[in-house]
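Here is what each chain is made of, one letter per residue.
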Amino acid sequence: MDPEARSLRARLGAHVSWANTTDPTSRTARARAAANGRFERLAREKHPNGTDEQIARAAEHLRKAHYAAMGLKSAMSRKAKSVKSAA
């Protein structure tokens, strides 16, 4: 199966799966908890003597930094693809 067909098939499956989900928040709760736990662990490593409030603040900024980095990589990838297709 070529990559385009695989992508379309995966997208179709995802839409069907989410259409069958009545409570999306509970479906993704474990994944969110795991991600938040990761950022909290990283914050505690950086600030071992921090208060719970300081750790929560640092974890939130680590989470935002992570998603900002993902956005930057995505933008760079899209730009590289557009330059490549224009050539």
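Residues numbered from 1 in each chain as written. Predicted model: local features only at pLDDT ≥ 70, side-chain atom pairs only at ≥ 80, totals over all residues. Heavy atoms only, no water.

K.L.:
Requested: an account of the overall build of the protein chain, with residues and values cited.
P.N.:
From N to C terminus, the protein chain includes four helices and zero strands. Helices and strands in the protein chain line up, N terminus first, as α-α-α-α. Taken over C-alpha atoms, the radius of gyration comes to 19 Å for the protein chain, far larger than the 12 Å a tight globule of 87 residues would show. In terms of overall dimensions, the protein chain has a C-alpha envelope of 50 × 40 × 20 Å along the principal axes. The 87 residues of the protein chain split such that 8% are buried. As displayed, the protein chain offers around 7,500 Å² of accessible surface, 57% of which is attributable to carbon and sulfur atoms. Mean positive and mean negative side-chain charge positions of the protein chain (18 and 8 charges, respectively) differ by 8 Å. (Helix = DSSP H or I, 4+ residues; strand = E, 2+ residues; numbered from the N terminus. Rg over C-alpha atoms; globule rule 2.2 N^0.38 Å. Buried < 20%, exposed > 50% of the residue type's maximum accessible area, 1.4 Å probe, protein only. Areas by Shrake-Rupley, 256 points an atom, 1.4 Å probe, with all protein chains shown as cover. Lys, Arg positive; Asp, Glu negative; His and termini not counted. Charge placed at Lys NZ, Arg CZ, Asp CG, Glu CD.)

K.L.:
I'd like a description of the nonpolar core, backed by residues and values.
P.N.:
Membership of the largest hydrophobic core is limited to five residues, which are Phe39, Ala43, Ile55, Ala58 and Ala59. Beyond its immediate chain neighbours, meaning those up to four positions away, alanine 58 contacts Ala43 and His47. (Core = buried A, V, L, I, M, F, W, Y, C linked by side-chain atoms within 4.5 Å. Contact = heavy atoms within 4.5 Å.)

K.L.:
For the pattern of salt bridges, give the residues involved together with the corresponding values.
P.N.:
A full pass over the atoms with the stated rule returns three salt bridges. One salt bridge in this structure joins arginine 44 and aspartate 52, with 3.3 Å as the shortest N-O distance. By relative accessible area, which is 57% here, aspartate 52 ends up exposed. Taking the shortest distance from any N to any O, the salt bridge between glutamate 60 and arginine 63 comes out at 2.6 Å. With glutamate 60 and arginine 63 both in helix 4 (residues 52-86), this residue pair falls three residues apart, about one helical turn. Here arginine 63 falls in the partly exposed class, since its relative accessible area comes to 27%. One connected set of salt bridges, linked through shared partners, spans Glu40, Arg44 and Asp52. (Salt bridge = Lys/Arg side-chain N within 4 Å of Asp/Glu carboxyl O.)

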